[in-house]
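Chain and residue survey
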Amino acid sequence: DSTVVVPPPSGGGTTPGRQTITLRGRIDSNMTLTASNDYLLDGFTYIMPNRTLTIQPGVTIKANFTGTNVGALVITRDAKINASGTATQPIVFT
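Described in the following lines is the structure provided in the data block. Note that the structure is a prediction, hence the values are computed from the model and not measured.

**Here we look at unusual backbone geometry**
One non-glycine residue with positive phi stands out, namely Asn50, at about 65°. For Asn50, the location among the structural elements is in the loop between strand 4 (38–47) and strand 5 (52–55). Given a relative accessible area of 57%, Asn50 falls into the exposed group. Of note, the phi angle at Asp78 is positive, near 75°, even though the residue is not glycine. Its place among the elements puts Asp78 in the loop between strand 7 (72–75) and strand 8 (80–83). A relative accessible area of 54% places Asp78 in the exposed class.

**Things to note about the packing of aromatic side chains**
Enumeration over the complete set of coordinates arrives at one aromatic pair. On the basis of an interplanar angle of 20° and a centroid distance of 6.3 Å, the ring pair of Phe44 and Tyr46 is categorised as stacked. The class of Tyr46 is partly exposed, set by a relative accessible area of 33%.

**Section: the side chain of Thr45**
Relative to the assigned elements, Thr45 resides in strand 4. The exposure class assigned to Thr45 is buried, which follows from its relative accessible area of 0%. In contact with Thr45, not counting residues within four places along its chain, are Leu23, Arg24, Gly25, Ile27, Ala72, Leu73 and Val74.

What counts as what
Residues numbered from 1 in each chain as written. Predicted model: local features only at pLDDT ≥ 70, side-chain atom pairs only at ≥ 80, totals over all residues. Heavy atoms only, no water. Helix = DSSP H or I, 4+ residues; strand = E, 2+ residues; numbered from the N terminus. Buried < 20%, exposed > 50% of the residue type's maximum accessible area, 1.4 Å probe, protein only. Phe/Tyr/Trp six-rings, centres within 6.5 Å; stacked < 30°, edge-to-face > 60°. Contact = heavy atoms within 4.5 Å.

Function cannot be inferred from these measures alone, as they are strictly geometric.
Right, dumping it as structure tokens:
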């Protein structure tokens, strides 16, 4: 169990083409998070050794914060995270 893509809800208030991508379990391949999608940490999410998570400017990553699936991103030994936000496009964990 690694990533789950959830289609955006129907109705108003959504941007066409956006997806909510739920991150959970092991991420065992290189991955890039882009500002064109929404991200949700659901429980512990592990970036596995020798893998790289790249987070582009403008990305917002939300996390569950109640119940049994409190979100956490774990960068394991020998894994990498590349995240370079800007003043106008910060990377936000919330």
